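Structural characterization, general
Okay, here's what each chain looks like letter by letter:
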2 protein chains.
Amino acid sequence: MMEIDTLDRKILRELQSDADQSLEEIGARVGLSRNACWRRIRQLQEAGIIRKRVALLDPDKLGLGLTVFIQLRAAHHRPDWLEFFARTMKDMPEIVGAYRMTGDLDYLVQARVADMADYDRLYRQIIARIELSDVSASFVMEEIKETTELSL
Amino acid sequence: MMEIDTLDRKILRELQSDADQSLEEIGARVGLSRNACWRRIRQLQEAGIIRKRVALLDPDKLGLGLTVFIQLRAAHHRPDWLEFFARTMKDMPEIVGAYRMTGDLDYLVQARVADMADYDRLYRQIIARIELSDVSASFVMEEIKETTELSL
DNA sequence: AGTGAAAGATTATCGGA
DNA sequence: TCCGATAATCTTTCACT
């Protein structure tokens, strides 16, 4: 485990909000030389605190305007059911989140699709592949907040 | 609106999964010169299809090991209630997602906290600030999938 | 921790398919 | 219009103080 001080946190905040900044810029913002910054960032990467850098795309502009949360119940407890479920979720690119919740048979799945017709296709795929005792969907009317930035 | 072809999509896929790659690498992967890549990426940025680049951090290593989904019901329909709610959500850094769902009074909120005690603090903050008719929380036992990559 | 220089990446411009 | 090449500029990286 690595210890993170106030300066590391400042750097992380910058990188979480915009990873395009040069070391010079980040240094200026956090009050450190470009080099001191670089060394800290490298350490944070090596420690796995910075997992990776990615581009965030606009779902609407890519025709993925509908977000849906799907609540599922497993058909039964079986050692391999969860493994198969996990694999299937990872296989389906529309699915952006899948969580096993408290209450052992309950799963919450978040997906991004084009529209209702597209959701229907996804729904059919899911029920065709996975044994479920219950499925119910709620649709997002308005995205009030969605961020990858963690509280530091 | 900009039209996106197969090569753009390939580039977007690369950038979604790893934005640290050099233009040379991306070019090699998609079968384009580093230059052609650069031009396409710039266009995609200008069109807002690439929103930004960010660093993704490891929540566990930052002491945010507990994810919770909170279901809320608004106390009433009022023009300014939603606005205040939205502002409050954006203000609270533990909250990583907030969605108004079908069923007009229903909201789903995703938060990342350290542990149950920390969730309790968040819960108290929420009910202190916002008028709600109902609040219920479900905790994530296992994160099966969570990605920022959109289906292209 | 900071300086400076080498290596590497990005950006702009140009001529050609 | 879009490609690839070349060249100028800016960034990252690293040895040294």
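All values derive from a computational prediction rather than experimental measurement. (Residues numbered from 1 in each chain as written. Chains lettered and ligands numbered in written order. Predicted model: local features only at pLDDT ≥ 70, side-chain atom pairs only at ≥ 80, totals over all residues. Heavy atoms only, no water.)

This part covers the domain arrangement of chain A. Split into domains, chain A comes out as domain 1 (6-46) and domain 2 (60-139). Here domain 1 of chain A and domain 2 of chain A have C-alpha centroids that lie 37 Å from each other. (Domains from an automatic or database assignment.)

Attention shifts here to helix α2 (residues 23-30) of chain A. Residue and element names in this part refer to chain A. Along α2, the residues classified as buried are Ile 26, Gly 27 and Val 30. One side of α2 holds all its buried residues, which, seen down the axis, span an arc of 100 degrees. Relative to its buried face, α2 has exposed residues pointing more than 90 degrees away, namely Glu 24, Ala 28 and Arg 29. Here the buried face of α2 lies against α1 (6-17) and α3 (34-46). (Buried < 20%, exposed > 50% of the residue type's maximum accessible area, 1.4 Å probe, protein only. Helix = DSSP H or I, 4+ residues; strand = E, 2+ residues; numbered from the N terminus. Arc of directions from axis to C-beta. Contact = heavy atoms within 4.5 Å.)

On to the pairing of strand β4 (residues 106-113) of chain A. Residue and element names in this part refer to chain A. Buried residues dominate β4, accounting for seven of its eight residues. With eight bridges joining them, strand β2 (residues 66-74) and β4 adopt antiparallel strand pairing. Opposite Leu 66, over in β4, you have Val 113 as the bridge partner. Taken together, the five bridges between strand β3 (residues 95-101) and β4 define a ladder with antiparallel strand orientation. Across the sheet, the residue bridging to Tyr 99 is Leu 108, located in β4. Taken together, β3 and the strand that follows it, β4, pair antiparallel across an intervening segment of four residues, in which Gly 103 is found at a positive phi of about 95 degrees. (Pairing = 2+ DSSP bridges.)

Let us now look at the protein's contact with DNA strand D. For DNA strand D, the full set of nearby residues is Ser 22, Leu 23, Arg 34, Asn 35 and Trp 38 of chain A together with Ser 33, Arg 34, Asn 35, Ala 36, Arg 39 and Arg 40 of chain B. Within the side chain of Asn 35 of chain A, an N or O atom sits 2.6 Å from a base nitrogen of DNA strand D. Of all the elements in the fold, those that place two or more residues in the surface near DNA strand D are α3 of chain A together with α3 (34-46) of chain B. (Near = heavy atom within 4 Å. Polar contact = N/O pair within 3.5 Å; in protein donor to acceptor, adjacent residues only side chain to side chain.)

This next bit is on the interface of chain B and chain A. The extent of an interface is frequently quoted as the accessible surface area lost upon association of the parts. The interface of chain B with chain A comprises 61 residues on the first partner and 61 residues on the second. Between chain B and chain A lies a buried interface of about 5900 Å² when both sides are counted; carbon and sulfur atoms form 62% of it. Of all residues in chain B, the largest losses of buried area upon contact with chain A belong to Leu 57, Ile 144 and Lys 145 of chain B, amounting jointly to 13% of the total for that side. One can count six salt bridges joining chain B with chain A. Across the pair Glu 149 of chain A and Lys 52 of chain B runs a salt bridge whose closest N-O atoms are separated by 3.8 Å. Remark: the boundary between chain B and chain A carries 37 residue pairs in polar contact (both at pLDDT 80 or more). Elements with a minimum of two residues in the side of chain B that touches chain A: α1 (6-17), β1 (50-57), α4 (79-91), β3 (95-101), β4 (106-113) and β5 (132-146) of chain B. (Buried area = accessible area lost by both parts, 1.4 Å probe. Salt bridge = Lys/Arg side-chain N within 4 Å of Asp/Glu carboxyl O.)

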